[in-house]
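Reading the structure
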Amino acid sequence: VQEWPVPYKADWKTEDIHLRDPFIIREGDSYYLTGTLTHNSISDGYGTPLYVSKDLLTWEGPTLIVDQAKGLENYSNFWAPEIHKVDNQFWLLVTLEPKGGKRGTYLVISDKIDGEYTLKARVTPESMYSLDGTLYEEDGQKYIVYCYEWVEAHDGQIRVVKLNDDLS
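Residues numbered from 1 in each chain as written. Predicted model: local features only at pLDDT ≥ 70, side-chain atom pairs only at ≥ 80, totals over all residues. Heavy atoms only, no water.

This paragraph deals with the overall build of the chain. The number of helices and strands found in the chain is one helix and 13 strands. What you see in the chain, going N to C, is helices and strands ordered as β-β-β-β-β-β-β-β-β-β-β-β-α-β. For 168 residues, the compact-globule formula gives about 15 Å, and the C-alpha radius of gyration of the chain, at 16 Å, lands near that figure. For the chain, the spread of C-alpha atoms along the principal axes amounts to about 40 × 35 × 30 Å. Taking all 168 residues of the chain together, the buried fraction comes to 48%. Across the chain, contacts joining residues at least 24 apart in sequence account for 40% of those joining residues at least 6 apart. Counting every atom, the chain has about 9100 Å² of accessible surface; 47% of that belongs to carbon and sulfur. Measuring between centres, the 16 positive side-chain charges of the chain sit 1 Å from its 28 negative side-chain charges. (Helix = DSSP H or I, 4+ residues; strand = E, 2+ residues; numbered from the N terminus. Rg over C-alpha atoms; globule rule 2.2 N^0.38 Å. Buried < 20%, exposed > 50% of the residue type's maximum accessible area, 1.4 Å probe, protein only. Contact = heavy atoms within 4.5 Å. Areas by Shrake-Rupley, 256 points an atom, 1.4 Å probe, with all protein chains shown as cover. Lys, Arg positive; Asp, Glu negative; His and termini not counted. Charge placed at Lys NZ, Arg CZ, Asp CG, Glu CD.)

The following block contains the structure:
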């Protein structure tokens, strides 16, 4: 498990936060920012940071809400996280690469936006390299839209998978 290289601060300015794949969700009177941690211009692969702000200008954090030390020691990458509120739970979709397996989008769920996330399911096919999943809902049906990764699909493809009620 790698060490966390970003110090916790109560006064980050937006322009001083270095993330790829940024995603913001508003909950109550606060904004929550997550993304792919970058360090020295590469994507570090061991956790999902979370910052909080009241004004989108000054941020507090980061805290790690999902990482190798919290039950995901057999995974790396932690790319393109998104948090969606679904039925009073917070669904974190994140690209992970399991040891010995292909990279894919996973669903990790919590009752609180900032804590105790539990891995529920891989939501993209295990047979293909995929990444950057996002939640889409229409007429009560939930879908995951994702990228079939370029390492197998030449220049990549957009794919959609329907989620069953059990999140499979």
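For Leu135, the location among the structural elements is in strand β11 (residues 130–138). Measuring from C-alpha to C-alpha, the distance between Leu135 and His84 comes to 7.6 Å, with 51 residues separating the pair along the chain. Those residues in contact with Leu135, other than ones at most four positions away along the chain, are Glu82, His84, Val86, Trp91, Leu93, Lys142, Tyr143 and Ile144.

Before going further, it helps to spend a moment on the sheet that holds strand β7 (residues 75–86). Judged by pairing direction, the sheet is antiparallel, and its four strands sit side by side in the order β7-β8-β9-β10 without closing on themselves. Edge positions in the sheet fall to β7 and β10 (118–122), since each has one partner strand and no second. Sheet twist, expressed as the mean angle between neighbouring strand axes with direction ignored, is 30°. For strand β8 (residues 89–98) and strand β9 (residues 104–110), the ladder comprises seven bridges, and the chain directions are antiparallel. Bridge pairing links Leu96 to Gly104 in β9. (Pairing = 2+ DSSP bridges. Axes fitted to C-alpha atoms, helices over the stretch in contact; angles between N-to-C directions.)

A separate point is the nonpolar core. In this structure, Ile65, Val66, Ile83, Leu92, Ile113 and Tyr117 are the most contacted members of the largest nonpolar core, which totals 18 residues. Secondary-structure elements contributing two or more residues to this core are β2 (19–27), β6 (58–67), β7, β8 and β9. Within the second largest apolar cluster, 14 residues are counted, among which are Trp91, Ile109, Tyr146 and Ala153. (Core = buried A, V, L, I, M, F, W, Y, C linked by side-chain atoms within 4.5 Å.)

Our next topic: the pairing of strand β12 (residues 141–148). The pairing of β11 with β12 spans seven bridges and is antiparallel. Paired with Glu137 across the strands is Lys142, a residue of β12. If you look at the hairpin formed by β11 and β12, you'll find two residues sitting between the two strands, and Asp139 has a positive phi there, around 50°. The pairing of β12 with strand β13 (residues 157–162) spans six bridges and is classified as antiparallel.

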